[in-house]
Amino acid sequence: MPARTHHRSRAAQVTAIVAVIVLTIGVAALAMMALTQSKPEPTTALVNPVPTFTLGVNADAATAPPSATAQTVPVFAPAEERFLAVDSGVMWRGVAGECGTTAPVIERSTDVGVTWVDVTPTYREIGQLLSLEPFADGQAEAVALVGAGCEPQALRTFTQGEFWEPYPEALASATYISPNDSGVIVLAGVEVEAPCDEPRGLRTTDGNTALICDGAVYVHSAVRPSETGPDDWLAVDANYAVTIAASSGSIAVAHVTESCDGLTVTNFSAEGIATEPSQCVAGVDIAIPTALTIDSPEGYTLWSGDSPVNVG
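Calculation criteria
Residues numbered from 1 in each chain as written. Predicted model: local features only at pLDDT ≥ 70, side-chain atom pairs only at ≥ 80, totals over all residues. Heavy atoms only, no water. Pairing = 2+ DSSP bridges. Helix = DSSP H or I, 4+ residues; strand = E, 2+ residues; numbered from the N terminus. Disulfide = S-S within 2.5 Å. pLDDT = per-residue confidence, 0-100. Contact = heavy atoms within 4.5 Å. Axes fitted to C-alpha atoms, helices over the stretch in contact; angles between N-to-C directions. Buried < 20%, exposed > 50% of the residue type's maximum accessible area, 1.4 Å probe, protein only. Lys, Arg positive; Asp, Glu negative; His and termini not counted. Salt bridge = Lys/Arg side-chain N within 4 Å of Asp/Glu carboxyl O. Patch = residues over 30% accessible without salt bridge, like charges linked within 9 Å, V, L, I, M, F, W, Y side chains within 5 Å. Areas by Shrake-Rupley, 256 points an atom, 1.4 Å probe, with all protein chains shown as cover. Charge placed at Lys NZ, Arg CZ, Asp CG, Glu CD. Phe/Tyr/Trp six-rings, centres within 6.5 Å; stacked < 30°, edge-to-face > 60°. Lys NZ or Arg CZ within 6 Å of the ring centre and 35° of its normal.

Here strand E6 (residues 139–146) runs beside strand E7 (residues 151–157); their pairing, made up of seven bridges, is antiparallel. For Ala142, the partnering residue across the bridge sits in E7 and is Leu155. As paired strands, E7 and strand E8 (residues 165–166) are joined by two bridges and run antiparallel to one another. For Arg156, the partnering residue across the bridge sits in E8 and is Glu165.

Right, let's talk about the state of the cysteines for a bit. Applying the stated criterion to the full structure yields three disulfides. Paired through a disulfide, Cys99 and Cys150 show a sulfur-sulfur distance of 1.8 Å. Where Cys99 bonds to Cys150 through sulfur, the torsion about that S-S bond is close to -90°, and the disulfide is left-handed. Residue Cys99 is located in the loop between strand E2 (90–95) and strand E3 (105–109), and its partner Cys150 is located in the loop between E6 and E7; the two are separated by 51 residues in the primary sequence.

On average, residues of the chain score 78 in pLDDT, and 71% of them reach the 70 mark or higher. A low-confidence stretch, residues 1–71 (pLDDT under 50), is modelled with 47 contacts involving residues beyond four sequence positions or located in other chains.

Pairing is antiparallel in the open sheet, where four strands are placed in the order E16-E17-E18-E19. In the strand order of this sheet, the two ends are held by strand E16 (241–246) and strand E19 (279–282), each with one partner. Strand after strand, the sheet turns through a mean of 20° between neighbouring axes, direction not considered. When E16 meets strand E17 (residues 250–255), the two strands line up antiparallel, connected through five bridges. Looking at E17, one finds that Ala241 is bridged to His255.

The element strand E5 (residues 126–135) is largely enclosed, with a buried count of seven among its ten residues. Where E5 meets E6, eight bridges bridge the pair, whose relative direction is antiparallel. Within the sheet, the bridge partner assigned to Pro134 lies in E6 and is Ala140. Where E5 hands over to E6, the hairpin turn is made up of three residues, of which Ala136 adopts a positive phi near 60°.

With that settled, the discussion passes to the side chain of Arg108. With respect to the helices and strands, the residue Arg108 is situated in strand E3. The side chain of Arg108 sits in the buried core without any salt bridge; Asp137 is the nearest counter-charge, 8.7 Å away. In this structure Arg108 touches Val90, Met91, Trp92, Thr115, Trp116, Val117, Val119, Gly138 and Gln160, once residues within four positions along its chain are discounted.

Moving on to the pattern of salt bridges. All chains considered together, the criterion is met by four salt bridges. Taking the shortest distance from any N to any O, the salt bridge between Arg203 and Glu81 comes out at 2.9 Å. Here the residue Arg203 occupies a position in strand E12 (residues 200–205), and Glu81 occupies one in the loop between helix H1 (3–38) and strand E1 (82–87), the gap between them amounting to 122 residues. For Arg203, a relative accessible area of 7% puts it in the buried group.

A grouping of Asp181, Glu191, Glu193, Asp197, Glu198 and Asp214 is seen on the molecular surface, where their side chains present a negatively charged patch. When you line up the elements, Asp214 lands in the loop between strand E13 (208–213) and strand E14 (216–221).

Attention shifts here to the packing of aromatic side chains. Scanning the entire structure with this criterion turns up three aromatic pairs. Centre to centre, the rings of Trp92 and Trp164 are 6.1 Å apart; their planes meet at 80°, and the pair counts as edge-to-face. On the criterion of sequence distance, the pair formed by Trp92 in strand E2 and Trp164 in the loop between E7 and E8 is long-range, its members being 72 residues apart. Residue class for Trp92 comes out buried when judged on its relative accessible area of 0%. Taking the relative accessible area as the measure of exposure, Trp164 reaches 0% and is therefore buried. Between Phe135 and Phe158, the aromatic rings sit 5.5 Å apart at their centres with planes inclined by 80°, giving edge-to-face as the arrangement. In this pair, Phe135 is assigned in strand E5 and Phe158 in the loop between E7 and E8, connecting sequence segments 23 residues apart. A residue is classified by how much of its surface remains accessible, and Phe158, at 44% relative accessible area, is partly exposed. The structure contains a cluster of three or more aromatic residues connected by ring pairs, namely Phe135, Phe158 and Tyr167. Residue placement shows Arg82 over the ring face of Trp303; its charged tip is 4.1 Å from the ring centre.

Right, here's the structure in full:
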């Protein structure tokens, strides 16, 4: 092979090797640039904390440290709300339902809740239960939405639930959450502003009214002097409430506490003062709707699951 041809071939090989090296370096550089551009910038944003209940007005009076147990308290749809009433050995219970969507249920028991009879006045076109209270000797009174227009009516039975009749005069003095605006309470016929936009669990007896707002309990009592007028609500020192009950002079609260594997029941006066040691109802499943009623100054009945449980 001539020397010139040999040199040209040798030069071509060197040039090819250099080109490959340059190309490799270029590809590596481009890859590094792509990785750099795709790598996210470090962030200083904090993870949102686990939400806790907000207490609305008078929050300082009802504030308690949040706990891992208390934060598991579920909030049920209004249609799932339960009602329980006991008087003269007769028990009444109900599930609210939702007008036009879910039918309500009213049942009656005369054997301490062992068996129940369905006494829902479907023939009255009842669409939603707003309250259920004992009335007269073993009878009952309910405030419900009835008819195609879902209008509120007060219904009473004097026949152990077989027949129910409307009583307009009873509706005029009834207390319930307004079906038109959940932030308004119809308090003995007078509309007052609730302490929150979506109260639940409203209970009232002889002018002593209580409700739940985001786990906090508020009392509006005719027997407690009001300093600010009819919209005055007193925050009770009991957080993480699941259900409440009212008597003429007290409020019972079933709430979640770290010291009880179930529900703690605490009784309060109309002034919001705890009046006796709390009682632990162990084994209550707070993942299902629950109702509470006051049987006596020291005794309660809790409805959770299929059967009622006596407390105290």
